[in-house]
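Descriptive analysis of the structure
Letter by letter, the chains look like this.
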Amino acid sequence: MNKVKELTTNLVQNIETVIVGKRRAIQLVVLGLICEGHVLIEDVPGVGKTMLARSLAQSLNCSFSRIQCTPDMLPSDITGVDIYDQTSGLFKFLPGPILNQVVLADEINRATPKTQSALLEAMQERQVTISGTAHQIPKPFILLATQNPIEYEGTFPLPEAQLDRFMVKVKLGYPGLTEEMDVISDQMLVHPIESLQEVTSSDQILEVQDRIKEVFIAESIKKYIVEIVQETRTAESVYLGASPRGSLALARASQAWAAMYGRNFVIPDDVKLLTEATLGHRIILSSSARLQELRTGDLIREILRKIPVPGGDYHSE
Amino acid sequence: MIATFLTSLRKKISLSVLIYFLLIFIILSSVLQAIELVIRGTSVEVLRPLVIYGMILGWLFGRSKLKKGVVFLLSSIIGIIFTPLHVGGVGSAVWNFIQAGIRFLWSSIFKTAGIDVNELNFLGAVIQSRIMDVAGNFSNWITNLFSGYTIYNQVSTLILWGLLMWFLAVWFSWITRKQYQPLWGLIPAAILLAILLTYTLEKRILLVFMLGAGLILIGLINQEEKILEWRRRGISIADRLKEKITVTVVGLSIGIMLIAGIIPSISINAISDPIERWLYGEPEPGEFDGEFSGGEASFNNSIYTVERFAGLPRQKLIGTGPELAKRVVMIVKFPNNSFVRSEIPNAGRYWRAYSYDQYTGTGWQSSPTSEVSYKPGQEIADFQSEYFNIITQEIRLSNALRGTLYSAGLPVTLDQEVLVSWRLHPGGESNEEQSAEFVNDLFAGTQDSIQYQVRSLIPTVNDENLRLSVPEYPEWIRSRYLALPETVPDRVLGLAAEIVANQPTSYDQAKAIETFLRSYPYTLALPAPPSDRDVADYFLFDLQTGYCDYYATSMVVLARAVGLPARVVVGYVGGQLDEENNHYLVSEADAHTWVEIYFSGFGWIPFEPTAALNLIDDQELSLPLPPELEQLPQTAELIEKRAIPVLEIGVGVFVLIIVGAWFSNWTDIKRLQQINMSALALTLYLRLYRYGRWLGLGHQRSDTLYEFDNKIKGKIRNIADSPWKEKQLIGAVTEIGQLTEYAVYANFCEDSLDQKLVANTIVLWKKLRVRLRYAIWISFWKGFMEKVFRVNQDENVNANQ
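Since the structure is predicted, the reported quantities are computational estimates derived from the model, not experimental observations.

Next up on the list: the overall build of chain A. A tally of regular secondary structure across chain A gives 13 helices and 11 strands. Put simply, chain A has 317 residues, and 44% of those count as buried. When contacts within chain A are restricted to residue pairs at least 6 apart in sequence, long-range pairs at least 24 apart make up 79% of them.

Right, here's the structure in full:
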C-alpha cells in the first residue's frame, strides 16, 4: 500500500501547488479517482473548481475536456455525433468532450434533464453509443461535475437517482486569509498551472485502482458502516436515506482513504471522516427539517455521535 | 462427566455467593464463639456444622419458590430432627452403620471374607443407644424444668443452642438470598451476641468482626439487588461502577471496623449497658430487689453467681451455682522470693475482692458506699498493727476480672491509681470527718488495669492473742455486723447457741462454728434453693451439704446470732503453683466465698468454714492461658501499652498497602505476560481508558481510538504545565501513541500482532503506568487546590463587600 500512498501523496502535493490550502478537497478528488468514481463539486463560482480539474488532468498526463452546461445543450454535444464525410462518403464519428479521461462538467444543473441523463449514463457505463456503435471512454475516467448551490434560477436540480452515482461530493469553500494572499502572489507573473508537471501515468492509476480493493475491512467496521447508513434511513428528519450503493461507496472510499495513508486495513476514523463526503448528497432531509435550517452535515455529525464506534471492548463499560 | 459437573457447579455457585456465605459464616461464628465462651458445655466444634448446614439449607430455600410458611415448617422439622441427631453423635454412628452395611452386602454377594453380622448388630445398637441417650437426657431435663428444678445437662444445652443457631442460620441465609435483606438476619445475631457478651467482658473483638462482616454483607447484597433491578429495567451498568462500589463498601466497612476496634469508647460496655438496662432495669446501688430470688433461676443467672452489672457487684445471690471452669483468670506472683510455697501463710492465698455486710435471707448485699480515689503509692488507710504483716504481690488479671482490685487481705498501697468503695457510716453521709470512722469498712476497690502490684495486710496474730480479745465493739460495728433479718428462724439461733455453749472466748466460739460447719459434706450438684426459705436455715437443716456460699453464709448467720460481728468475703483462693515461673495460676474454679470475723483490738480475721476445699482439683488447669496472661510484661511497660498503638497501626497499614500494591502490580504483570499480543494491546488500552476517566475524560462511545488518543494526550500536555512535570510526563504522549497504534492493529487489522512485541509493550506499560498515576495525582491536586482557592476568593469577595 506504500505505493498507493506515495502516488497519491505526490498527486495531492502536485495539485496543491495550484490550489492552495485545500488539501482535504484535493484528497477527496484523488480518492474519487482511485475509486473509479465521480466527484460532485458544489460551490460558488471562482473558488477554483475548474482549476482543480485541470490540474488533476495535467498531473496525470491525461486528456482533459470541459463541458460548460447550458439549458440549450443537447446530448450529442456531450457524446459526439456521426457526421457525413463527403470525401469518403461515410459517416464519421466526431467524439464529444465526454470521451476524455478527465472531464469537467461545469454547472451541471444548468443542463436539461435530457442532457444530464446522457451525461450520467456515460459516466456510469463508461462508454457512449452513437448510431449503434459503442465508443469506449479511455481509462482512467473521472468526471468532475460542479454545481452552483445559490443559482436556482434556470437550473434543473439533479434527481436523486443521479446524485447517487457520484462517489463523493466535495465542497471547496473560500480560502483562508494567508492562502488567498498566496494565490495572488503566485499568479502575479504566470499561472502555476502552466508549470505543473505530470507525476504519474494512466497505467499507474489503473494499478492503484486495483490495489485499493485489497484493503481489509474488519467485520466490526462493516457493521459500523451499515449502522451509519441505516441510521440515515430511520432518522426522524430524513425524507430519503442513503441507498446500499451509499454503503458500498462509503466502504470503498474508506478502503481508498486507508490506502492513501499506507494502511492495508480500514479503521473507524476513515469511515467517520468520509461519511459526510460520501453520504451527504444521498440524503434528502424532510421538509420540516429543512424549515428548521438543519443541514445534512449536522445530521451526519449527529448520527456519528450516536453510533458506537467499534474498537476493543472498552465500550462495554 | 466429573468435569461437566464441576463446571455446572461453578456456574451455580458463583464467587459472590461464596463471599456472602463466608460473611454470614463469620457473623454466625462470632455468635458461636460467644456462646462457647458464656454457656457452659457448649462447643464451637459441635455447633459449627449445624450453622453450615443451616446456611446451605436457607440458601437453597431462598433459591426455591417456597412460601415463607413452608420454609419455616420445613426448616423446623429438619432442624428438630437433625439437631439432636447431630448433637448426640448419631450422625457418625449412622454413617458407620451404612459403611459397614455396604461392606456386608459386598461380602455376602461376592462371598469374600468380610464383615460379621454381629458387628453390624453392634453398630446398630450403638445408634440405638445414642438415640436413647439423647432422648433420655433431653426428657430428663424437660421433666426437671417443668417440676421446678433447673439442672444442668450438657446434651440439652447443646440441643437448645444448636436449634437456636440452626434457625438463626436458616433465617439469615434465607432472608439474604430471598429478600436481599441481610440486615434482618444480622439483627437477631447481633442482639444475641450483645446479650451473650454482657456476661463476659472478654472477646469484645467479636462484635467488631460482626460489625465488619455485616456491613460488607449489607453493602454487597444491596448492590447486587440494585444491579439486578437495573438489569431488569434494561439500564446498562458499567462493571467499573460495580467494582468501584464494591471497593468503597469493603473499604468503608473495614475502616469502620478498624475504628470500632481501636476506639475504646465503642466497647462492649457502651453497647451492652443500654441493653442491660433495658433488660433488667437500672441497677440501684445498695438497694436489694426483694423479688430477685434464687428460686427460679433463669438460664442466664445460673451461670454467673456474681452479676457484673455496671461496675462492682452489689449483690450476691446464693444457690445459683458457681462457674467452675478451669480457665486461668489470674496470676499472682510474690516478687520477694521469701514466699515460696509452704512459706506463704494460708491467709496470703486468699485473694479477696468484695465483702458484704447485709444478709437478706437469700443472699448478700452491701450497704451504700462512697468512692475515694487514691494516688499510686498513697496509703489507702493507716493499718499499722503488730498483728499484721504486709506482703507484696504482683497480680495479673484476665480480661474477665479486669478492673477489680484483688489482694491477699486488705489492700494498703497500689502501684497505680485506685478507686476504693467505702461503706458509709450507718445513717451518715460521706464526708472527711467520718472517714476515720468507717476507715476499716472496705467494700471493694477498682483499678484500671490488668496488672498491678499491691501491698496488703495478712494477719499473723496467733490464737492466744485472739483469745484475749473482749467482745466490745464500736456502735457502727454492732449495728452493721450483728444485724440479722427477722426471717432467720429461731432454730438457727438455737443451733448457734448450742454450738458455742461451752466456748469461753469469742475466738473459741468462732472456731467452734467453723469446725461445726466443716463437718458438713461438700457438693456442687445442687438445685436452686426455694425462694421462700432462709438460705442458712435451708442449708443447716435440710440440705446439710453444699458449697462455699452456703458454708460462709451459715457461718456468718451463726456468728452474728451469738454476737460475733461477721461478714462474707468473695474472691479467689489457692490456685496452682507454677514452680517454673514461681507464680500461682488461679482459675475460675478457685472462686470462693469465705468469712471474716471482727475481733476488738485486732480487726478482721478470716475463717474457712467450707469443708473439703481441696475438692476443687487444681491439677487440671486448662492451658493455654488466655492471651493477656501469656507473657508477663513489666507493669510500666503494660501501662504504656494500653495507649492505642496508632503509630503501629498506621505503619502496619502503610506497609500492608505498599506490599499489597507491589504484589498486585507484580501479579498483574505476570498475568499480562501470559496473554497474546493482540489481547494485551486491547487490555492495556482498556486500562488506558480507565486512567483517562480518572483524568476526567468523558465517556464518548462514538470516539474512535485515535480520537480518544488525542484527547488523553491533550489532557496530559495540559497537566504538564511546568518544565519539570513536562520532563516526567511528556514520554507518556509517545507511549500512549504506541499503545493506540497497537490497539488499532489488534482491533481492525487482518494480521495479528507480532508476539515478540509483548516484552517491549509490558516495559512500555510499566513506564506509562507510573506517568499516568503521576498525572492523575497532579490533576486531583490541581482540582482540589482550585476548589479551595476559588472558595477563598469567594470569601474575600464577600468580605470586601
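A word on the overall build of chain B. Along the backbone of chain B there are 25 helices and 17 strands. Looking at chain B alone, contacts between residues at least 24 apart form 77% of all its contacts between residues at least 6 apart.

Our next topic: the pairing of strand E5 (residues 102-106) of chain A. Residue and element names in this part refer to chain A. Burial of E5 is extensive: 5 of the 5 residues sit out of reach of the surface. By the alternation rule, side chains of E5 split into Val102, Leu104 and Asp106 and Val103 and Ala105, which are all buried. Inspection of the sheet shows strand E2 (residues 64-68) paired to E5 by 5 bridges, in the parallel sense. Its bridge partner lying in E5, Arg66 is registered against Leu104. Relative to strand E8 (residues 142-147), E5 is paired through 4 bridges, and the arrangement is parallel. Opposite Ala105, over in E8, you have Ala145 as the bridge partner.

All names here are of chain B. Reading across from one edge, E6-E10-E11 is the order of the 3 strands in this open sheet, with antiparallel pairing throughout. Whereas interior strands pair on both sides, the edge strands pair on one side only; in this sheet they are strand E6 (369-374) and strand E11 (442-447). The mean inter-strand angle of the sheet, taken between neighbouring strand axes irrespective of direction, is 25 degrees. Where E6 meets strand E10 (residues 418-423), 6 bridges bridge the pair, whose relative direction is antiparallel. Along E10, the bridge assignment pairs Thr369 with Arg423.

Let's shift gears to the interface of chain B and chain A. Of the residues lining the interface, 19 residues belong to chain B; the matching set on chain A comes to 22 residues. At the level of elements, helix H10 (239-262), helix H22 (677-694), helix H23 (705-719) and helix H24 (723-748) of chain B are the ones that each hand at least two residues to the side of chain B that touches chain A. Among the residues making up the side of chain B that touches chain A, the classes are represented as 11 nonpolar, 3 polar and 5 charged.

All names here are of chain B. Interhelical geometry of helix H3 (residues 44-63) versus helix H7 (residues 154-178) gives an angle of 30 degrees and a closest axis separation of 7 Å. When the interaxial angle is binned, H3 and H7 end up roughly parallel. The handedness of the crossing between H3 and H7 comes out as right-handed.

All names here are of chain A. Residue Pro140 follows Lys139 across a cis peptide bond; omega there is -15 degrees. Unlike most non-glycine residues, Arg126 shows phi in positive territory, near 60 degrees. In this structure, Arg126 sits in the loop between helix H5 (113-125) and strand E6 (127-130). Owing to 14 C-beta atoms within 10 Å, Arg126 belongs among the partly exposed residues under this scheme.

This next bit is on the pairing of strand E7 (residues 388-397) of chain B. Side chains on a regular strand alternate between the two faces of the sheet. Residue and element names in this part refer to chain B. For strand E2 (residues 328-333) and E7, the ladder comprises 4 bridges, and the chain directions are antiparallel. Opposite Val332, over in E7, you have Ile395 as the bridge partner. Pairing of E7 with strand E12 (residues 451-459) involves 9 bridges; the strand directions are antiparallel. Its bridge partner lying in E12, Thr392 is registered against Arg455.

This brings us to the nonpolar core. Grouped together as the largest cluster of nonpolar side chains are 113 residues, with contacts concentrated most on Val29, Leu31, Val39 and Ala253 of chain A. When neighbours within four sequence positions are excluded, Val29 of chain A is seen to be in contact with Val39, Leu52, Leu56, Leu144 and Val170 of chain A. Membership of the second largest hydrophobic core comes to 84 residues, among which are Leu442, Phe539, Tyr550 and Leu585 of chain B.

We now examine the packing of helix H1 (residues 2-16) of chain A against helix H3 (residues 49-60) of chain A. Residues and elements named next belong to chain A. Where H1 meets H3, the axes come as close as 9 Å, and the angle between the chain directions of the two elements is 130 degrees. On the basis of the axis angle, H1 is oblique to H3. Relative to H3, H1 is oriented so that their crossing is right-handed. In contact with Leu11, Asn14 and Ile15 of H1, H3 contributes Leu52, Ser55, Leu56 and Ser59. A breakdown of the residues in the contact of H1 with H3 according to their chemical character gives 4 nonpolar, 3 polar and no charged.

A separate point is the environment of Gly32 of chain A. Residues and elements named next belong to chain A. Tracing the backbone through its elements, the reader meets Gly32 in helix H2 (residues 23-34). By the C-beta count within 10 Å, which is 28 here, Gly32 ends up buried. Measuring from C-alpha to C-alpha, the distance between Gly32 and Val168 comes to 6.6 Å, with 136 residues separating the pair along the chain. Those residues in contact with Gly32 that sit more than four places away from it in its chain are Gly37, His38, Val39, Ile142, Met167 and Val168.

We now examine the confidence of the model for chain A. In regions of low pLDDT, the predicted coordinates are not meant to be interpreted in detail. Looking at chain A as a whole, the pLDDT averages 83, with 97% of positions reaching at least 70. No element of chain A has a lower mean pLDDT than helix H6 (residues 160-163) of chain A, which averages 79, and none a higher one than helix H10 (residues 244-260) of chain A, which averages 90.

Residue and element names in this part refer to chain A. Strand order in the open sheet formed by 5 strands is E2-E5-E8-E1-E9, and the pairing between neighbours is parallel. Edge strands, defined here as strands with exactly one partner in the open sheet, are E2 and strand E9 (168-170). Put simply, the sheet's adjacent strands are angled 20 degrees from each other on average, direction ignored.

With that settled, the discussion passes to the confidence of the model for chain B. Residue and element names in this part refer to chain B. For chain B, per-residue confidence averages 75 on the pLDDT scale, and residues scoring 70 or more make up 77% of the total. Note on residues 283-311: pLDDT under 50 across the span, and 54 contacts to partners over four residues away in sequence or across chains. Overall, residues 630-643 carries pLDDT values under 50, and its contacts beyond four positions in sequence, including any with other chains, amount to 10 contacts. Model confidence for the complex is summarised by a pTM of 0.47, with the ipTM given as 0.81.

The subject of this paragraph is helix H11 (residues 268-279) of chain A. When the terminal C-alpha atoms of H11 of chain A are compared, their 16 Å separation across 12 residues agrees well with the 16 Å that a helix rising 1.5 Å per residue should span. Of all 12 residues in H11 of chain A, 11 are buried, a share of seventy percent or more. In this structure, the buried side of H11 of chain A is in contact with H2, E9, helix H9 (219-234), H10 and helix H13 (296-306) of chain A together with H23 of chain B.

Residues and elements named next belong to chain B. Tracing the chain through its elements places Ile331 in strand E2. A residue is classified by how many C-beta atoms lie within 10 Å of it, and Ile331, with 21 of them, is buried. The spatial distance from the C-alpha of Ile331 to the C-alpha of Gln576 is 9.5 Å, given a sequence separation of 245 residues.

All right, on to the environment of Leu252 of chain B then. Residues and elements named next belong to chain B. Take Leu252: it is sitting in helix H10. Taking the C-beta count within 10 Å as the criterion, Leu252 has 13 such neighbours and is therefore assigned partly exposed. Along the primary structure Leu252 and Leu215 are separated by 37 residues, whereas in three dimensions their C-alpha atoms are 8.6 Å apart.

Calculation notes
Starting from 1, residues in each chain are numbered consecutively following that chain's sequence as written. Note on labels: chains are lettered from A, ligands numbered from 1, in written order. A pLDDT threshold of at least 70 governs which residues receive local features in this predicted model, and a stricter bar of 80 or more applies before side-chain atom pairs are shown or counted, although totals over entire chains, interfaces and linings include all residues. Secondary structure elements follow DSSP: runs of H or I no shorter than four residues count as helices, runs of E no shorter than two count as strands, and numbering proceeds from the N terminus. Exposure is read from a count of other C-beta atoms within 10 Å of each residue's own; the residue is exposed at 12 or fewer, buried at 20 or more and partly exposed in between. C-beta atoms are placed from the backbone. Residues are scored as being in contact if the C-beta atoms we place from backbone atoms lie within 7 Å. DSSP-based pairing: two strands are paired if at least 2 bridges between them are found. In this analysis, axes come from line fits to C-alpha atoms, helices being fitted only over the stretch in contact, and the angle between any two N-to-C directions falls in the range 0 to 180 degrees. We call Asp, Glu, Lys and Arg charged. Ala, Val, Leu, Ile, Met, Phe, Trp, Tyr, Cys and Pro are nonpolar, and the rest, Gly among them, are polar. An angle counts as roughly parallel when it lies under 35 degrees, as roughly antiparallel when it exceeds 145, as roughly perpendicular when it falls between 65 and 115, and as oblique in every other case. By the definition used in this description, the sense in which the near helix is turned from the far one sets the handedness, with an anticlockwise turn below a right angle giving left-handed and a clockwise turn giving right-handed. A set of buried residues qualifies as a nonpolar core if it consists of Ala, Val, Leu, Ile, Met, Phe, Trp, Tyr and Cys joined through C-beta atoms within 7 Å. On a range of 0 to 100, pLDDT expresses the predictor's confidence in each residue. To estimate the expected span of a helix, count its residues, drop one, and scale the result by 1.5 Å.

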